[in-house]
Amino acid sequence: MDKLSSGTNMTVVNSSIDRWPFNERGSGEHLDPMELKILVPAVLGVICVLGLACNLTAMSILVYCAHKGTVSLINSLIFNLMFADGLVLTFAAPFRAAAYSEASWRLGWAVCKTADWFLQSCMAAKSFTVAIMAKACYRYVSNPGQQVSISMGSILVVLMSVWASACSVTMPHWLFATLQPDERRGLVCVMAVPPKAGDFMSAYVKAYPLAVYCVPLSVALLYFWKAYARCQQRSSKTMNLRAQIRSRKLTLMLFGLTVAMAILWLPQWVVWVWERHLAERESEGGAHPHIHPPPLLLSLSSQLLAFSLSLVNPIIVLSLSEEFREGFRGLFRRLTFRKQHPPRPGPHTPSCQRAPRPRPESFSHLPKGNRPALCSSSGHGSRREAHPKEEPAARGGGEDADRESLQDGIALPDVEQFWHERETGSLVDANDPVPWEHQDKRGTK
């Protein structure tokens, strides 16, 4: 029997078949330390719960904005990115946590056949989505004032092309995955490559990281760099300046998504290439003492970082996008059935709707010749002098006016006291605000 990998402790029945481990070293071997056996699935569980909550929130906001009529290619691509993250956390991460905690494979042949292919397809779809998103962002930044309209059919064609490409490029993970018996561990899920496909798999191991990781992220970083350089150009028009501010914020948010993917996904690719290169060397001529398997800590941390990317992406979108924050407020008000509150009163805003009207003066206690004429801009005073028969109505109208003023608003105590003292004649000379009205009375006295 030929030993495949000293790190995976697998044995092969037929030495003519190259067997590569399905899961990387961290998940393919049984975790003997009890701490890692419990800790790693627990960390994956926390990532799944928080990531699903953030991704569902971001997707709900995008659906809410699309329902309001703001459908764009960039928002659709962000939705596709969140959708891929949700699929990874819903279907791939739980099976990977179960594989960590078990010594042998107990999830069945169908899960063994599709688990790694499904995970790699989702990761490839995210990488292709980021590359297309960078191109769309550059086109938007080049002319931010222009309204770009795109039909829903075109958006669906783009998204379907992304997923078709991602599922096709990862097809060898589905073709060569199979269950194999092991003397020490029972059933194990491995990738069994026939001798006829050895040359193809050797080329695939070298081309797959370039097609899924290096090229898409390099193109995305290049477009984001050009877009940010275009955002630095100032415009003299106010409308174009506001559009450039929005485009700069959008570019920084999408650039943050690309940088996070490049950093968090890099250790996983290092381990992936390391394991495949080691398996290829051992299949050619036995064990190589100079090539050691990747450390267990590196394998574990690389997979945890790859899964944490599905949590980091929605956090970046929700925290850096102003449109997402406004959409979240609108969605929250809609879900809680809250109406928009009126604006808070400022320092110059009146505290009541209508101020109370002052009481009309009553001149019944004054002699007829000393009564002042009621003047107004519309000439009401001349009409009252021309029709003296209306004076009784004017005299008795004070009480009706008082009732109307009390119905309109709240009468202030100081104003009430002023009118009461003036009507009763109990004003002191020092406190009399209108001494000229009582000069005749003092003269007669």
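Residues numbered from 1 in each chain as written. Predicted model: local features only at pLDDT ≥ 70, side-chain atom pairs only at ≥ 80, totals over all residues. Heavy atoms only, no water.

Enquirer: How do you make sense of the overall build of the protein when you look at a structure like this?
Expert: Counting secondary structure elements, the protein contains 14 helices and five strands. Counting across all 445 residues of the protein, residues that qualify as buried make up 40%. Carbon together with sulfur atoms contributes 62% to the accessible area of the protein, which is approximately 25,800 Å² in total. (Helix = DSSP H or I, 4+ residues; strand = E, 2+ residues; numbered from the N terminus. Buried < 20%, exposed > 50% of the residue type's maximum accessible area, 1.4 Å probe, protein only. Areas by Shrake-Rupley, 256 points an atom, 1.4 Å probe, with all protein chains shown as cover.)

Enquirer: Please explain the confidence of the model for the protein as it appears in this structure.
Expert: Note: predicted coordinates in regions of low pLDDT should not be interpreted at a detailed level. Taken residue by residue, the protein gives an average pLDDT of 75. The fraction at 70 or more is 61%. Taking the mean pLDDT of every element in the protein, the minimum, 32, falls on strand 2 (residues 11-12) and the maximum, 95, on helix 5 (residues 152-169). In this model residues 374-397 is a low-confidence stretch, pLDDT under 50, and it forms ten contacts with partners more than four residues away in sequence or in other chains. (pLDDT = per-residue confidence, 0-100. Contact = heavy atoms within 4.5 Å.)

Enquirer: I keep staring at the state of the cysteines and nothing clicks. Help me out?
Expert: Put plainly, a disulfide is one covalent bond tying together the sulfur atoms of two cysteines. Enumeration over the complete set of coordinates arrives at one disulfide. The disulfide partner of Cys112 is Cys189, and the gap between their sulfur atoms is 1.9 Å. Taking the torsion about the S-S bond as the criterion, the Cys112 to Cys189 disulfide, at about 90°, is right-handed. Of this pair, Cys112 sits in helix 4 (residues 109-142) while Cys189 is found in strand 5 (residues 186-193), placing the two residues 77 residues apart along the sequence. (Disulfide = S-S within 2.5 Å.)

Enquirer: How should helix 7 (residues 198-231) be read in this particular structure?
Expert: Side chains that are three or four residues apart share a direction in an α-helix, a result of its 3.6 residues per turn. Here helix 7 contains 34 residues, and its C-alpha end-to-end distance of 49 Å stays within 8% of the 50 Å for a straight helix at 1.5 Å per residue. Leu210 marks where helix 7 bends most, by close to 40°. (Expected span 1.5 Å × (residues − 1). Bend = angle between axes of the 7 residues up to and from the residue.)

Enquirer: Could you clarify how one ought to interpret the pairing of strand 4 (residues 177-182) in this entry?
Expert: For a regular strand, side-chain orientation follows a simple rule: the groups alternate between the two sheet faces. Where strand 4 lies against strand 5, six bridges are found, and the strand directions are antiparallel. Note on strand 5: the bridge partner recorded for Ala177 is Met191. From the end of strand 4 to the start of strand 5, which pair antiparallel, there are three residues. (Pairing = 2+ DSSP bridges.)

Enquirer: In this structure, what is going on with the nonpolar core? I would like to understand it.
Expert: Grouped burial of nonpolar side chains is what soluble globular proteins tend to show. Of all hydrophobic cores here, the largest spans 76 residues; its most connected members are Ile78, Leu254 and Trp265. Those elements that place two or more of their residues in this core are helix 2 (34-67), helix 3 (73-101), helix 4, helix 5, strand 5, helix 7, helix 8 (238-285) and helix 9 (296-320). Not counting residues within four places of it along the chain, the set of residues in contact with Trp265 comprises Met123, Ala124, Ser127, Val212, Tyr213 and Ala306. Core analysis: the next-biggest nonpolar cluster, separate from the first, contains seven residues, Ala99, Trp105, Leu179 and Cys189 among them. (Core = buried A, V, L, I, M, F, W, Y, C linked by side-chain atoms within 4.5 Å.)

Enquirer: I would appreciate a short explanation of empty space enclosed by the protein in the present structure.
Expert: Applying the stated rule across the entire model yields one cavity of 30 Å³ or more. Taken together, Val88, Arg96, Leu119, Gln120, Met123, Trp265, Gln268, Trp269, Trp272, Gln303, Ala306 and Phe307 make up the full set of residues lining the largest cavity. At the level of elements, helix 3, helix 4, helix 8 and helix 9 are the ones that each hand at least two residues to the lining of the largest cavity. Tallied by class, the residues present in the lining of the largest cavity amount to eight nonpolar, three polar and one charged. (1 Å grid on protein atoms, 1.4 Å probe; cavity = no way out; pocket = protein on both sides within 12 Å on 5 of 7 lines; lining within 4 Å. Points joined across faces, edges and corners; volume = space filled by probe spheres on them. Nonpolar A, V, L, I, M, F, W, Y, C, P; charged D, E, K, R; others polar.)

Enquirer: Got a minute to help me understand the packing of helix 4 against helix 9 in this structure?
Expert: A pair of packed helices is characterised by two quantities: the angle between their axes and the separation of those axes. Put simply, helix 4 and helix 9 touch, their axes get as near as 12 Å, and they point 45° apart. Here helix 4 is positioned oblique relative to helix 9, judged by the angle of their axes. As helix 4 runs across helix 9, the sense of the crossing is left-handed. Counted together, Leu119, Met123 and Lys126 of helix 4 and Ala306, Phe307, Leu309, Ser310 and Asn313 of helix 9 form the full contact between these two elements. Here the contact of helix 4 with helix 9 is composed, by residue class, of five nonpolar, two polar and one charged. (Axes fitted to C-alpha atoms, helices over the stretch in contact; angles between N-to-C directions. Parallel < 35°, antiparallel > 145°, perpendicular 65-115°, else oblique. Left-handed = near helix turned anticlockwise from the far one by under 90°.)

Enquirer: Could you clarify how one ought to interpret the packing of aromatic side chains in this entry?
Expert: Remark: the centre distance and the inter-plane angle together describe each pair of aromatic rings, the angle taken between the planes. Following the criterion strictly, the structure yields twelve aromatic pairs and no others. Here the aromatic rings of Tyr138 and Tyr223 are separated by 5.8 Å at their centres, their planes lie at 50°, and the arrangement is tilted. Taken as a pair, Tyr138 in helix 4 and Tyr223 in helix 7 lie far apart in primary sequence, 85 residues in all. Ring geometry for Trp269 against Trp272: centres 5.6 Å apart, planes inclined by 70°, an arrangement best described as edge-to-face. On the criterion of helical spacing, the pair formed by Trp269 and Trp272 is a turn pair, its members being three residues apart in helix 8. The same class applies to Trp269 and to Trp272, which are both buried. Ring pairs connect the aromatic residues Phe200, Tyr204, Tyr208, Tyr213, Trp265, Trp269 and Trp272, which therefore count as one cluster. Between Lys113 and the ring centre of Trp174, over which it is positioned, the NZ or CZ distance is 5.6 Å. (Phe/Tyr/Trp six-rings, centres within 6.5 Å; stacked < 30°, edge-to-face > 60°. Lys NZ or Arg CZ within 6 Å of the ring centre and 35° of its normal.)

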